[in-house]
Amino acid sequence: SHPAKMGKGAKAALKPQGKFKQPSTDAHLVVVGDEQAILSEAREARFVAFLLGASVLAVYVSTMFRSIAGGDSSELVANSCDLGTGHPPGYPLFLMFGHLLTKLPFGDTMAARVNLVSVICGTGASVLLFFVIQSWALATNAPGKDGYTGSSWAAFMVAALFAFCPLVWTYSTHAEVFAMNNFFVAAVVLLFFRFWQSSQERWAYLGAFTIGLGLTNQHTLVILAFPLVLWVLFLSKGRLLSPAKVALLTLCFAVGLAPYAYLPWASHHKTMYSWGDSRTLQGFLHHLLRKDYGTWSLAPSSTKSVLSKEGQLILGLKMFTQDLFSQAPVAALLLPVGLLSSRRRSQQAFSAGAVLASCLAFYLWFFHYLANLDLTQDLLLGVTRRFWMLPHLLVFAFLGLGACRLMSLLLSLPSLDSLPRFAKSAVAASVAVVAVAAQVGAHYDSMDNHDNVTFSQLGHSVLDNLPANATALTASDLTCSSVAYLQSCEGVRPDVIALSQPFLSFVWFLPLHREQLTERGLKFSGKAVGVHTEPENTMQRFLEDNIDTAPGPIFVCSEWGHPEELDAENSLAGNQGIPGFDDVFEGACSRVVRKGKWQGLSQWWAEAHQYGPKPQSHYPLMRPERLHTESWELVAFREFYSRTHIRLNTASRAAWANKNTVPEAAQIVLDVLAEWEKVLDEHKRARVKPVGRIYKAILSCNEMLSNTTGMVRAAKAYLTTPVDPTLTPKEREDDRRERAQMTELIRNFDLGLPVDP
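(A) Up close: the overall build of the chain. Summing up its helical and strand segments, the chain has 31 helices and 5 strands in all. Here the chain holds 757 residues, and the buried ones make up 59% of them. The contacts of the chain with a sequence gap of at least 6 include a subset with a gap of at least 24, amounting to 75%. Working note: accessible area of the chain is about 29900 Å², and carbon and sulfur atoms make up 61% of it.

Take a look at the structure:
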């Protein structure tokens, strides 16, 4: 935060270098003709930057997840623990850094240690943004009488407001790649400013290395880097285009990409939850270029938007703008001032504004034109919003410039301009601290996830309820990755063979893991499992090969991952199943058996009721504010809801079938419902799928239940609640139909008529 050559005198340090016309500043400081003033400004900048970093770090640590979070968090933590490979493109830099932090002697869990990667990178991003803003502001804002502009405190305010935006804050407190991407974005922009202000080629070489290194974390950095590199080459007036310098720039970029050498090594490592087979050049490029998703797509075609490219672009830009002003309402004031301030004092100052504005416009156009997620679905909108942090950071640079300009105008008021320097600094600091404290206070409770154990408990609810040596076929991302974390990092239930159904369908999975899975007692006839177009690769064939010889019973958890194989007539519980097999709920998953093993639910109950249905003692109650429509907590909550529905459905059917011989079956139905009633009571604001079917299942058993009257009263209360407006059209139709059926059941009950399921 001070000139590198300050020891030789301020004038020598601030002499123009290279061919560019220099603004009246070095990388940080305004020239006021007084070396003491410059040194004072430098000391304040260092102090304020340290205060910013310490403040952001303290808040992030206090609100950080102590366990895994939703999305890709648990997958990244699991692969950090056992040095695997993340989903395409692999994220080697994050995983190596995460693995290093797992060796820390403190931290409640492995997840907490890996979450520190995002905490550190998020804090670093805010500090780098501080220096970007200060550097730019001092090149454009005229100083007051004593040369003091208050730019350090204005930059502190805006950098902290960025750090504590709910979107940025969320992804800086758990293991995700976006905080690290923010760090590299801020670093690349700062290096551009160093080059812009000094024309020294070392900044260009360091920038090339930083871009390469950043791309080993996340590929969206290239959308910013492409126009920025073109600008640097243009501003260099051809000096960087000589063969020798192009070669050196290329070498620096290639050295930055070196962490990708981790991928082939990790594939030879053969960890069970690792993505892809990078042992060959073809496999390496397949993973690097994200061929499993589509190189230019965010996700597989199943989640694609139905809009045209142009429609998707317009909708994306509209939602980005709305999100920006909701995240930072102050942008309405600061952005116009920042844009106007970028044109002041010199053509060179304007060039920086033009560069950032063009990079921002290019990113927004390119990303939204190619992004294929359906933004009308709240969860997919939440997934897309993560990629808006990069343009948010660029916008916040303009906001910082505007804040610095307004701070300078404030301090130049007659009543303040005559104050001594320390008094001006106190005024600027007060304004900044109050603004940041208000932002933190407004969002702290909703951002506090130190006690959020939703997703580790989701994994426990699966693993802890399985019998010894079971094989668990998982399907949903949350179940797969939470189980992966518990087994890889915490050593929970190593006897259970947990197989991801999506992984089994990839052609790279079995070549990597067939040998170790065969050693554990499983058989595979084909090259994959779950490819319904090839008989030897179907899930049905896998079950036929293993149902009688696997080391333990086979369970399907969450759902079957390949609906094209399902047959509605092949599930004892009335759900869709694999032809030739029955699956009935036991514990948190459904046990799979050959069709005919249980002749109806009576026989199943006599043999298997000890595994469930039973209350899910491991599943935590969640704070209602976490259950918004974009949250992974709501996805987990709905998954638990689905289990509860299946458990109730199976229990009610079994209870009805055994009402004369197994009266305790009715009590299990009541236990499950009591648990669900408690969950619903705790989550009055939760948006869940229609819950009418739960009451309907209970009402169907009224002949055996001693407190059916209470259940009817609860069902009547449910019928008075309005329909959730966030339900999908199909869910609304389900809700309408179930309400009608419930009304009929209640009418029959009130009339004393039999109620038959």
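(B) Spotlight on the pattern of salt bridges. This model, assessed by the stated rule, comprises 10 salt bridges. Residue Arg385 is joined to Asp323 by a salt bridge in which the shortest nitrogen-to-oxygen separation is 2.8 Å. Taken together, the residues span a long stretch of sequence, with Arg385 in helix H17 (residues 378–385) and Asp323 in helix H14 (residues 309–327) at a distance of 62 residues. The exposure class of Arg385 is buried, given its relative accessible area of 15%. A relative accessible area of 6% means that Asp323 is categorised as buried. Between Arg541 and Asp545 there is a salt bridge, with its nearest N and O atoms 3.4 Å apart. In this pair, Arg541 and Asp545 both sit in helix H25 (residues 539–546), 4 residues apart, roughly one turn of the helix.

(C) The state of the cysteines, seen in detail. Applying the stated criterion across every chain, the model contains 2 disulfides. Here Cys557 connects covalently by a disulfide to Cys589, the sulfurs 2.1 Å from one another. Where Cys557 bonds to Cys589 through sulfur, the torsion about that S-S bond is close to 100°, and the disulfide is right-handed. Here Cys557 is found in strand E3 (residues 554–557), whereas its partner Cys589 is found in strand E5 (residues 589–594), with 32 residues between them in sequence. Relative accessible area serves as the criterion here: at 0%, Cys557 is assigned to the buried category. When the bonded cysteines of the chain are counted from the start of the sequence, the pairing works out to 1-2, 3-4. Distance from the sulfur of Cys480, which forms no disulfide, to the nearest cysteine sulfur (Cys557) is 9.2 Å. Given a relative accessible area of 11%, Cys480 falls into the buried group.

(D) Structural context of the packing of aromatic side chains. One pass over the structure, following the stated rule, counts 31 aromatic pairs. Arranged with centres 6.0 Å apart and planes meeting at 50°, the rings of Phe503 and Phe509 form a pair that is tilted. Judged by its relative accessible area of 9%, Phe503 falls in the buried class. Clustering of aromatic rings is evident, with ring pairs tying together Trp136, Phe192, Phe193, Trp196 and Phe398.

(E) Quick look at the packing of helix H5 (residues 110–138) against helix H8 (residues 178–198). Packing of H5 against H8 leaves a shortest axis separation of 8 Å and a crossing angle of 25°. As judged from the angle between their axes, H5 and H8 are roughly parallel. H8 is crossed by H5, and the crossing has left-handed handedness. Each of Val117, Ser118, Cys121, Gly122, Gly124, Ala125, Leu128, Leu129, Phe131, Val132, Ser135 and Trp136 in H5 lies in contact with H8, whose residues at this interface are Ala179, Met180, Asn182, Phe183, Ala186, Ala187, Val189, Leu190, Phe193, Arg194, Trp196 and Gln197. Of the residues contributing to the contact of H5 with H8, the split by class is 17 nonpolar, 6 polar and 1 charged.

(F) Looking closely at the side chain of Ser461. Residue position: Ser461 is located in helix H21 (residues 454–463). Side-chain polar atoms of Ser461 contact the backbone oxygen of Leu458, separated by 2.6 Å.

(G) Just helix H20 (residues 421–447), in detail. Helix length check: H20, at 27 residues, gives a terminal C-alpha distance of 37 Å against a target of 39 Å (1.5 Å per residue), a fit within 8%. Of all the bends in H20, the greatest measures close to 30° and is centred on Gly441. If you check which residues of H20 are buried, you get Ala423, Lys424, Ser425, Ala428, Ala429, Ala432, Val436, Gln439, Val440 and Met447.

(H) Region of interest: the nonpolar core. In this structure, Phe94 and Leu543 are the most contacted members of the largest nonpolar core, which totals 183 residues. The dominant element in this core, judged by the number of residues it contributes, is H5, at 16 residues. Ignoring anything within four residues of it in the chain, the contact list for Leu543 reads Leu473, Ile554, Trp560, Ile578, Phe581 and Val592.

(I) Fine view of unusual backbone geometry. With an omega of 10°, the peptide bond between Pro88 and Pro89 qualifies as cis. Within the fold, Pro89 resides in the loop between helix H3 (73–82) and helix H4 (92–101). One non-glycine residue, Tyr91, lies in the positive phi region at around 55°. Its place among the elements puts Tyr91 in the loop between H3 and H4. For Tyr91, a relative accessible area of 8% corresponds to the buried category.

(J) Representation of the side chain of Asp583. Tracing the chain through its elements places Asp583 in strand E4 (residues 581–586). For the buried Asp583, which has no salt bridge, the nearest side chain bearing the opposite charge is Lys595, at an N-O separation of 9.3 Å. At 3.5 Å, the side chain of Asp583 forms a polar contact with the side chain of Trp560.

(K) Spotlight on the environment of Leu233. Within the fold, Leu233 resides in helix H10 (residues 221–235). Along the backbone, Leu233 and Ala204 are 29 residues apart, and their C-alpha atoms lie at a distance of 9.2 Å. Excluding residues that lie within four positions of it along the chain, Leu233 makes contacts with Gly238, Leu240 and Leu241.

(L) Spatial organisation of the pairing of E3. Neither face of E3 is left uncovered, since the one carrying Ile554 and Val556 and the one carrying Phe555 and Cys557 both have all their residues buried. Sheet analysis places strand E1 (residues 471–474) next to E3, joined by 4 bridges and oriented parallel. Bridging across to E3, Thr474 finds its partner in Cys557. Where E3 and E5 come together, 3 bridges link them in antiparallel fashion. The residue bridging Ile554 from the neighbouring strand is Val592, located in E5.

(M) Representation of the sheet that holds E5 within the structure. Strand order in the open sheet made by the 5 strands is E2-E1-E3-E5-E4, with mixed pairing throughout. Each edge of the sheet is formed by a strand with only one pairing partner; in this case those strands are strand E2 (497–500) and E4. Each strand axis lies, on average, 30° off the axis of its neighbour in the sheet, ignoring direction. Pairing of E1 with E2, which is carried by 4 bridges, proceeds in the parallel orientation. For Ala472, the partnering residue across the bridge sits in E2 and is Ala498. In the packing of helix H22 (residues 477–489) onto the sheet, the strands contacted are E1, E2 and E3, and the crossing angle to E2 comes to about 145°.

(N) Region of interest: the confidence of the model for the chain. Looking at the chain, the pLDDT average stands at 80 and 73% of residues meet or exceed 70. Predicted confidence for residues 1–33 stays below pLDDT 50, and this span has 75 contacts to residues more than four positions away or in other chains.

(O) Inspection of H17 at higher detail. Burial of H17 is extensive: 6 of the 8 residues sit out of reach of the surface. What H17 keeps buried is the set Leu380, Leu381, Gly382, Val383, Thr384 and Arg385.

Conventions used here
- Every chain's residues receive numbers from 1 upward, in the order its sequence appears when written.
- Residues qualify for local features only when their pLDDT is at least 70, as the model is predicted, and side-chain atom pairs are given and counted only at 80 or more; totals for whole chains, interfaces and linings, by contrast, use all residues.
- For the side-chain quantities, the full set of heavy atoms in the structure was used; hydrogens and water were omitted.
- For helices the rule is a DSSP run of H or I covering at least 4 residues; for strands it is a run of E covering at least 2, with both sets numbered from the N terminus onward.
- Think of it in three bands: residues with accessible area under 20% of the maximum for their type are buried, residues over 50% are exposed, and the middle band is partly exposed, with areas taken using a 1.4 Å probe on protein chains only.
- The contact criterion used throughout is that any non-hydrogen atoms of two residues lie within 4.5 Å.
- Only the protein chains shown count as cover for residues, and all accessible areas are computed by the Shrake-Rupley method using a 1.4 Å probe.
- A pairing counts as a salt bridge when a side-chain nitrogen of Lys or Arg comes within 4 Å of a carboxyl oxygen of Asp or Glu.
- Pairs of cysteine sulfur atoms within 2.5 Å are identified as disulfides in what follows.
- Side-chain rings of Phe, Tyr and Trp, where Trp is taken by its six-membered ring, are said to pair if the distance between their centres is within 6.5 Å; with planes under 30 degrees apart they count as stacked, over 60 as edge-to-face, and otherwise as tilted.
- Every angle, taken between N-to-C directions, lies between 0 and 180 degrees, and every axis is a line fitted to C-alpha atoms, over only the stretch in contact when it is a helix.
- Roughly parallel refers to an angle under 35 degrees, roughly antiparallel to one over 145, roughly perpendicular to one between 65 and 115, and oblique to any angle outside these ranges.
- Note on convention: near helix rotated counterclockwise from far helix by under a right angle means a left-handed crossing. Clockwise means right-handed.
- Each residue gets one of three labels, nonpolar for Ala, Val, Leu, Ile, Met, Phe, Trp, Tyr, Cys and Pro, charged for Asp, Glu, Lys and Arg, and polar for the others, Gly among them.
- N or O atoms closer than or at 3.5 Å make up a polar contact, with two conditions inside protein: a donor-capable atom paired with an acceptor-capable one, and, for residues adjacent in sequence, both atoms drawn from side chains.
- The span one expects for a helix is its residue count, reduced by one, times 1.5 Å.
- The seven residues ending at a residue and the seven starting there each receive a fitted axis; the angle between those axes is the bend at that residue.
- The criterion is simple. A nonpolar core is a set of buried Ala, Val, Leu, Ile, Met, Phe, Trp, Tyr and Cys residues joined through side-chain atoms within 4.5 Å.
- In this tally, Asp and Glu contribute negative charge and Lys and Arg positive charge; neither His nor the terminal groups of the chain are included.
- DSSP-based pairing: two strands are paired if at least 2 bridges between them are found.
- Per-residue confidence from the predictor is reported as pLDDT, a score between 0 and 100.

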